[in-house]
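# Observations on the three-dimensional arrangement
Listed below are the residues making up each chain.
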Amino acid sequence: MARNKYDMDEILEDSFDTKQLKRLAGYVSPYKTKMAGVIVLMLSSSALTMMVPIFFQRIMDFYIPDKNMEKILTVSLLTLAIACYSAVAMRFKIKTMSVIGQSIIHAIRNDIFNHLQELPFSYYDDRPHGKIQVRVVNYVNSLSDLLSNGIVNTVTDLCNLIFIIIFMLICDARLTLICLCGLPLLAVVIVFIKRKQRRAWQIQSNKQSNLNAYIAESINGIRVTQSFVRENENTHIFSNLSGSYRNAWMRAVKFNFTMGPSVDMISAITTSFVYVLGIRWILAPDATLTVGILIAFTAYIGRFWAPINTLAGFYNSLLTAISYLERIFETIDEPVLVQDAKDASVMPSIRGDVEFRDVCFSYEEGHRILDHINFTVSQGQTYAFVGPTGAGKSTIVNLISRFYNVDSGQILIDGNDISTVTIRSLRTQMGVMMQDSFIFSGTIMDNIRYGNKEAADEQVIAAAKTVCAHDFISQMENGYHTEVNERGSRLSAGQRQLISFARALLADPKILILDEATSSIDTETEILLQKGLNELLKGRTSFIIAHRLSTIKNADCIMYVDQGGILEHGTHEELLAQKGAYYELYMSQFDFLSPANA
Ligand code: ADP
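Cut-offs applied
Residues numbered from 1 in each chain as written. Predicted model: local features only at pLDDT ≥ 70, side-chain atom pairs only at ≥ 80, totals over all residues. Heavy atoms only, no water. Helix = DSSP H or I, 4+ residues; strand = E, 2+ residues; numbered from the N terminus. Buried < 20%, exposed > 50% of the residue type's maximum accessible area, 1.4 Å probe, protein only. Contact = heavy atoms within 4.5 Å. Areas by Shrake-Rupley, 256 points an atom, 1.4 Å probe, with all protein chains shown as cover. Lys, Arg positive; Asp, Glu negative; His and termini not counted. Charge placed at Lys NZ, Arg CZ, Asp CG, Glu CD. Expected span 1.5 Å × (residues − 1). Bend = angle between axes of the 7 residues up to and from the residue. Axes fitted to C-alpha atoms, helices over the stretch in contact; angles between N-to-C directions. Parallel < 35°, antiparallel > 145°, perpendicular 65-115°, else oblique. Left-handed = near helix turned anticlockwise from the far one by under 90°. Nonpolar A, V, L, I, M, F, W, Y, C, P; charged D, E, K, R; others polar. Salt bridge = Lys/Arg side-chain N within 4 Å of Asp/Glu carboxyl O. Phe/Tyr/Trp six-rings, centres within 6.5 Å; stacked < 30°, edge-to-face > 60°. Lys NZ or Arg CZ within 6 Å of the ring centre and 35° of its normal. Pairing = 2+ DSSP bridges.

## Considerations on the overall build of the chain
When you go through the chain residue by residue, the secondary structure sums to 21 helices and 12 strands. In terms of principal-axis extent, the alpha carbons of the chain reach across some 120 × 50 × 45 Å. Across the 598 residues of the chain, 46% fall into the buried class. For the chain, long-range pairs separated by at least 24 residues make up 79% of all intrachain contacts whose partners lie at least 6 apart in sequence. For the chain, the computed accessible surface area is about 30,300 Å², with 60% contributed by carbon and sulfur atoms. Mean positive and mean negative side-chain charge positions of the chain (54 and 59 charges, respectively) differ by 10 Å.

Next comes the structure, spelled out in structure tokens:
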């Protein structure tokens, strides 16, 4: 998929794949017995309710003329009992279906979230995160109405319709036929608007997604927005997106509004025909109709159109839900490009030999980032990557954890191709500290323990001490139990780095990857940290990306990465002696730091 952003609509499917409805049925099926119970209850209630007009017809045509008070009283009490039964049945239906609807939504939401957890980095690289959130929250919620009431109402309304037609036929076949003439008219309306209505709801969901993407992006970037005083521009963009969403919604809902009045109109036309012809037949010399039958029949007409109205409403919400379902299942079906091979084995306990064998890699087709990379690292060695920004250093270390699949070549750890072992067994033996030191909401203790959920408090504290984080943590109001917000907004960049450093170490990894680990740490802490680290790196293979060359001077090998390849490699001294790119880089930092330039 091409990269998407907040002002780019997603591609709309032309025809609806009915497989999606079948899949939805899969979520509904565990509740089918309960739903069948509700349907039976509702049908019994409506069958009984349908007796009421017949009761009135009896009262009008027989019991009143016969002055039979006893029968009138009995029938009235029966009517009251039916009303009570219907009320109880309705309450049971609402309660049961709300629980079922929410349970189904819960299951769909879990599936989509679990799948999101497995999707590779590339999935998240390709689209705004707000567009992902809207699927998990808003789209899934939008199915609520359909699932809570839609399905049961549709089945009961369809059955009701059949009951009503039977009762109408019992009253008078000719009047029933007049009513049924309205149905083809309604079918014409549905066929006419169906396609446009579906497209309108698809567009609406796209606009909602765009708006959400922009909201998420704006909240994440609020500090930059305010520092560059971009509030007005952002408000303008937001207002445009919100306006498009409003317009799309109005266009879509316009079609929904067409259905109700169309049903009412057709109902009014057929009802007036029923009255005109019914009265004629009553007044005809050979009176083929009684007043009681006409009154009973007109009561049925109301009930005949009521389920049709609800069915039309259901049809509207089905079309709306379909546009959301497409997106929901699209996410659940998103291929997990980085996943265990079918015959993947468990990575044995890692010793730490790493080899890149002719590795090529590109994020986007045709745009190669790494070109035939080869190097071998022996167990326990420290390899450092340096080079200009955008050279591919982070990409190389991301490939070691298999966050992306290589285009060609192999990455071997202790001789095992990492694409042939399970991702879990590979990653649990690695400690990765990424450039973005993400902090989760919770305590500092929780954040460090993220690296190894089994770790005891003492181990967490020991890891923090090693990376010199202990002092600043102890000074916080609740020490290790201080609550921090998502992204760690109350921590300095350096403190965040130290916490994620401790997190990476806690897993006691055999391979340690530190991407710009010390870039925000002051020189004093760095010197302390370096001491702890030197101890800690012993016996572990480590890969370090650092801009400050002082951090990696002691590495076993330094690789200068540029233009998709490794231009130079060797120890610090060897590279300086070569007087190549590394030498230039070192000298430029040295110059920069020298007193003359201070
Ligand atoms: P370095 O760590 O050396 O600064 P990176 O490995 O992060 O460089 O990036 C190497 C190149 O790959 C850059 O040109 C960058 O624009 C590109 N790149 C990095 N991440 C992605 C991504 N997720 N999608 C597409 N291109 C990317």
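## Here we look at helix H6 (residues 129–141)
Helical periodicity: at 3.6 residues per turn, an α-helix aligns residues three or four positions apart in one direction. The end-to-end C-alpha distance of H6 is 18 Å, a good match for the 18 Å that 13 residues give at a rise of 1.5 Å each. Along H6, the sharpest change in direction is near 35 degrees and occurs at Arg135. All buried positions along H6 are accounted for by Gly130, Lys131, Ile132, Val134, Arg135, Val136, Tyr139 and Val140. Check the buried side of H6 and you find it contacts helix H4 (69–118), helix H5 (121–125), helix H7 (144–171), helix H9 (182–220) and helix H12 (291–333).

## What about the packing of H6 against H9?
Two quantities define a packed helix pair, namely the angle between the helix axes and the distance between the axes. One can describe the packing of H6 onto H9 by two numbers: an axis separation of 8 Å at closest approach and a directional angle of 120 degrees. Between H6 and H9, the angle is such that the two are oblique. In this structure, H6 meets H9 at a crossing whose hand is right-handed. Residues Gly130, Lys131, Gln133, Val134, Asn138 and Tyr139 of H6 touch H9, and the partners they reach there are Ser205, Asn206, Gln208, Ser209, Asn210, Asn212, Ala213 and Ala216. Taken together, the residues of the contact of H6 with H9 sort by class into 4 nonpolar, 9 polar and 1 charged.

## Some words on unusual backbone geometry
Unusually for a residue other than glycine, Val229 sits at a positive phi of about 45 degrees. Along the chain, Val229 turns up in the loop between helix H10 (222–227) and helix H11 (231–283). Val229 sits in the exposed class, given a relative accessible area of 60%. Even without being a glycine, Arg402 presents a positive backbone phi close to 55 degrees.

## Quick word on the pattern of salt bridges
Once the charged atoms of two side chains with opposite charge are near each other, the side chains can pair. Under the defined criterion, the tally for this structure stands at 11 salt bridges. Here Glu454 ties to Lys453 by a salt bridge, and the two come within 3.9 Å at their closest N and O atoms. Note on Lys453: relative accessible area 66%, which makes it exposed. Asp508 is paired through a salt bridge with Arg540; the nearest N and O atoms lie 2.7 Å apart. Within this pair, whereas Asp508 is found in the loop between helix H18 (493–506) and strand S9 (511–515), its partner Arg540 is found in the loop between helix H19 (523–537) and strand S10 (541–545), the two being separated by 32 residues in sequence. For Asp508, a relative accessible area of 44% gives the class partly exposed. Taken together, the shared-partner salt bridges connect Arg135, Arg327 and Glu330 into one network.

## Section: the packing of aromatic side chains
For the coordinates displayed, the defined rule picks out 17 aromatic pairs. Note on Phe361 and Tyr404: the rings are 5.6 Å apart at their centroids and 65 degrees apart in plane angle, and the pair reads as edge-to-face. Remark: Tyr404 occurs in the loop between helix H13 (393–400) and strand S4 (408–413) and Phe361 occurs in strand S1 (residues 354–364); sequence separation between them is 43 residues. Residue classification places Phe361 among the buried residues on the basis of a relative accessible area of 2%. Using a relative accessible area of 10% as the deciding quantity, one classes Tyr404 as buried. Ring geometry for Phe375 versus Tyr383: centroids 6.2 Å apart, planes at 25 degrees, classification stacked. Through a chain of ring-to-ring contacts, the aromatic side chains of Phe121, Phe361, Tyr363, Phe403 and Tyr404 assemble into a single cluster. In this structure, Arg174 is placed above the aromatic ring of Trp281, and the distance from its NZ or CZ to the ring centre is 4.0 Å.

## Description of the sheet that holds strand S11 (residues 557–562)
Here we have 6 strands laid out as an open sheet, ordered S6-S9-S10-S3-S11-S12, and mixed in their pairing. Each having just a single partner strand, strand S6 (430–433) and strand S12 (565–570) make up the two edges of the open sheet. Each neighbouring strand pair of the sheet contributes to a mean axis angle of 15 degrees, computed without reference to strand direction. Strand direction decides the pairing type here: S6 and S9, joined by 4 bridges, are parallel. Bridge pairing in S9 places Met433 opposite Leu514. On the sheet, H13 packs against strand S3 (382–386), S6, S9, S10 and S11 and is oriented at approximately 155 degrees with respect to S10. Across the sheet, H18 is in contact with S6 and S9; its angle to S6 comes to roughly 170 degrees.

## Here's the deal with the pairing of S12
Pairing analysis gives 5 bridges linking S11 to S12, with the strands arranged antiparallel. By the bridge assignment for S12, Val561 is matched with Ile566. Where S11 folds back on S12, the antiparallel hairpin that results is connected by 2 residues, among which Gln563 adopts a positive phi of roughly 50 degrees.

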